[in-house]
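The residues making up each chain are set out below.
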Amino acid sequence: MSISKEGFSVYPVIVPTKYSLRSFNFYLLEEAGSLSLIDAGINSEECWEYFMQTMNENGFTLHDLTRIIITHNHEDHVGLINRISSIKEIPLYAHQESIHRLKRDKGFFSLRIEFFDQLYREMGCGAAGEQQVQKLKDAVRKNEKNRIQTDIITFAEADRIAGLQVIETPGHSPDHVVLLHEQKKCLFAGDHLISHISSNALVEPDRDGERILTLVEYVDSLKKCLQLDVEILYPGHGELINNHKELITKRLHRIDEKAERILRLIQSGISTANQLAYTYYKGKYESQFPLVMSEIIGHLDYLETQHKVQKEVKDGVWHYYAYGKPIKKYEVR
Ligand SMILES: [Zn+2]
């Protein structure tokens, strides 16, 4: 499949998966005589074969590639970079905030582990938090081999590469960008917007180990894209999107609804993020611990910035209360 408009062609590489993401998508973009790869899938033989097949079918070889551009650092978007650059050295373009993650910077990753260790303690997670921190430590060792070898050229808001305008959209990840072609009215959206599932604003520290208010940022980034005049949106997973305004409105609405439900739980007397996650997500609490904690913490930040909740620390753990009510003494149940 290719989508062509006067010297501008997009060749999607769609790698199906049985998981809820449905597919890993990345894109070849032919523009003004250059061939860019936007995102680079997962690091698997199957993904490589889909990529090579798309190249072959459209008469390209690896030597035709001009550059790789990534929307964010997640492993399912950068998987084939090392393999490609071991065959042909081409520039990799990424956001400044991607570098320490792509380069597996040791200082940053130990800071990141300390960050989650402290966060889960302060959110009252106990043993579940300690277990997750251990998993993170193991992952750092395991992922060392995924370090991106090639040099990275950084970009920032409003830069232009391959005829595309860079738009910073932090939220799903701190380094997330979408890439806009104004004339062709198309947007390469990474994981900012996915048709069949809502994208998660994952809790992350910044480079100094400070917590980013990821959901608050994500909401701002969604609103930013609501303004864009776009006819087709190329997402990192699932089907292509041609109703982005409708979808963004739906996502924003859903975030508000979820925040309201969490607020009601707080009003009922549940006060820690851990208890909220456990009550709200039930079975998913154990199987998807980092994700559900991320969601609850994000929505608590969101409620806090709207002055709907306030928090106080008690024995090293944050307790949240509905705003306006006097902060009560915490009672052990
Ligand atoms: Zn992602």
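A quick note: this is a predicted structure, and the numbers were derived from the prediction, not measured. (Residues numbered from 1 in each chain as written. Predicted model: local features only at pLDDT ≥ 70, side-chain atom pairs only at ≥ 80, totals over all residues. Heavy atoms only, no water.)

Asks: Explain the domain arrangement of the protein to me, using residue names and the numbers behind them.
Replies: Domain annotation of the protein identifies domain 1 (3-103 + 148-242), domain 2 (106-142) and domain 3 (254-322). For domain 1 versus domain 2, the separation of C-alpha centres amounts to 28 Å. On the domain 2 side, the residues contacting the eleven residues of domain 1 number eight residues. The interface formed by domain 1 and domain 2 holds one salt bridge in total. (Domains from an automatic or database assignment. Contact = heavy atoms within 4.5 Å. Salt bridge = Lys/Arg side-chain N within 4 Å of Asp/Glu carboxyl O.)

Asks: An account of the sheet that holds strand E11 (residues 186-190) is requested, with residue identities and associated values reported.
Replies: With mixed pairing, five strands are arranged side by side in an open sheet as E8-E9-E10-E11-E12. Edge positions in the sheet fall to strand E8 (160-161) and strand E12 (232-235), since each has one partner strand and no second. In terms of strand pairing, E8 meets strand E9 (residues 164-168) through two bridges, oriented antiparallel. Within the sheet, the bridge partner assigned to arginine 160 lies in E9 and is glutamine 165. (Pairing = 2+ DSSP bridges. Helix = DSSP H or I, 4+ residues; strand = E, 2+ residues; numbered from the N terminus.)

Asks: Please set out the pattern of salt bridges residue by residue, giving values where relevant.
Replies: Taken as a whole, this structure holds 13 salt bridges when the rule is applied. Across the pair arginine 121 and aspartate 117 runs a salt bridge, and its minimum N-O distance is 3.0 Å. One end of the pair, arginine 121, and the other, aspartate 117, are both in helix H5 (residues 106-122), four residues apart, so they sit about a helical turn from each other. Residue class for aspartate 117 comes out partly exposed when judged on its relative accessible area of 26%. Within this structure, Arg101, Arg112 and Glu204 form a network of salt bridges that share partners. (Buried < 20%, exposed > 50% of the residue type's maximum accessible area, 1.4 Å probe, protein only.)

Asks: I'd like a description of the coordination of the zinc ion, backed by residues and values.
Replies: Around the zinc ion, the protein contributes the donor atoms His72 (NE2), His74 (ND1), His172 (NE2) and Asp191 (OD), at 2.1 to 2.3 Å from the metal centre. Taken together, the four donor atoms surrounding the zinc ion define angles of 89 to 173 degrees at the centre, an arrangement classified as irregular. When the donor residues of the zinc ion are listed from N- to C-terminus, their spacing reads H-x1-H-x97-H-x18-D. Linking histidine 74 in the loop between strand E5 (67-69) and helix H2 (75-78) with histidine 172 in the loop between E9 and strand E10 (177-181), this pair joins segments that are 98 residues apart in sequence. Note on histidine 172: relative accessible area 8%, which makes it buried. (Donors = N, O, S within 2.8 Å, 3.2 Å for Na, K, Ca; no water. Tetrahedral: all angles 85-135°; square planar, octahedral: opposite > 155°, others 65-115°.)

Asks: Now, about a positive patch on the surface: what can you tell me, with residues and values included?
Replies: On the surface, Arg254, Arg261, Arg264 and Lys284 cluster together to form a positively charged patch. Here the positive patch gets three residues from one element, more than from any other, and that element is helix H8 (residues 244-267). Along the polypeptide, arginine 254 turns up in helix H8. Residue arginine 254 is classed as partly exposed on the basis of its relative accessible area of 40%. (Patch = residues over 30% accessible without salt bridge, like charges linked within 9 Å, V, L, I, M, F, W, Y side chains within 5 Å. Areas by Shrake-Rupley, 256 points an atom, 1.4 Å probe, with all protein chains shown as cover. Lys, Arg positive; Asp, Glu negative; His and termini not counted. Charge placed at Lys NZ, Arg CZ, Asp CG, Glu CD.)

Asks: So what's going on with the packing of aromatic side chains? Residues and values would help.
Replies: Using the criterion set out here, one finds 13 aromatic pairs in the structure. Relative to phenylalanine 116, the ring of phenylalanine 115 lies with its centre 4.9 Å away and its plane at 80 degrees, an arrangement referred to as edge-to-face. For phenylalanine 116, a relative accessible area of 6% puts it in the buried group. Taken together, the ring pairs in this structure connect Phe115, Phe116, Tyr120, Tyr278, Tyr285 and Phe289 into an aromatic cluster. When the ring centre of phenylalanine 109 is taken as reference, the NZ or CZ atom of arginine 104 above it lies at 4.2 Å. (Phe/Tyr/Trp six-rings, centres within 6.5 Å; stacked < 30°, edge-to-face > 60°. Lys NZ or Arg CZ within 6 Å of the ring centre and 35° of its normal.)

Asks: Describe the nonpolar core, with residues and values.
Replies: Counting residues in hydrophobic clusters, the biggest one holds 53 residues, and the most contacted among them are Met293 and Ile296. Top element by residues in this core is H8. It accounts for nine residues. Excluding residues that lie within four positions of it along the chain, isoleucine 296 makes contacts with Ile262, Ala273, Leu276, Ala277, Tyr280 and Tyr281. Judged by nonpolar contacts, the second largest core, of 28 residues, contains Val15, Cys47, Ile81 and Ala94. (Core = buried A, V, L, I, M, F, W, Y, C linked by side-chain atoms within 4.5 Å.)

Asks: For unusual backbone geometry, give the residues involved together with the corresponding values.
Replies: Backbone geometry at arginine 22 places phi at a positive 70 degrees, although glycine is not the residue there. Following the sequence through the fold, arginine 22 ends up in the loop between strand E2 (8-16) and strand E3 (23-31). The backbone phi angle of aspartate 315 is positive, close to 50 degrees, even though this residue is not glycine. Under the relative-accessibility criterion, aspartate 315 is labelled exposed at 76%.

Asks: Can you tell me about the packing of helix H7 (residues 214-226) against helix H11 (residues 289-305), naming the residues and giving the values?
Replies: Orientation of H7 relative to H11, taken along the N-to-C sense of each, is 75 degrees, at an axis distance of 7 Å. By the criterion of interaxial angle, the relationship of H7 to H11 is roughly perpendicular. In contact with Leu215, Val216 and Val219 of H7, H11 contributes Gly298, His299, Asp301, Tyr302 and Thr305. Of the residues assigned to the contact of H7 with H11, the class counts are four nonpolar, three polar and one charged. (Axes fitted to C-alpha atoms, helices over the stretch in contact; angles between N-to-C directions. Parallel < 35°, antiparallel > 145°, perpendicular 65-115°, else oblique. Nonpolar A, V, L, I, M, F, W, Y, C, P; charged D, E, K, R; others polar.)

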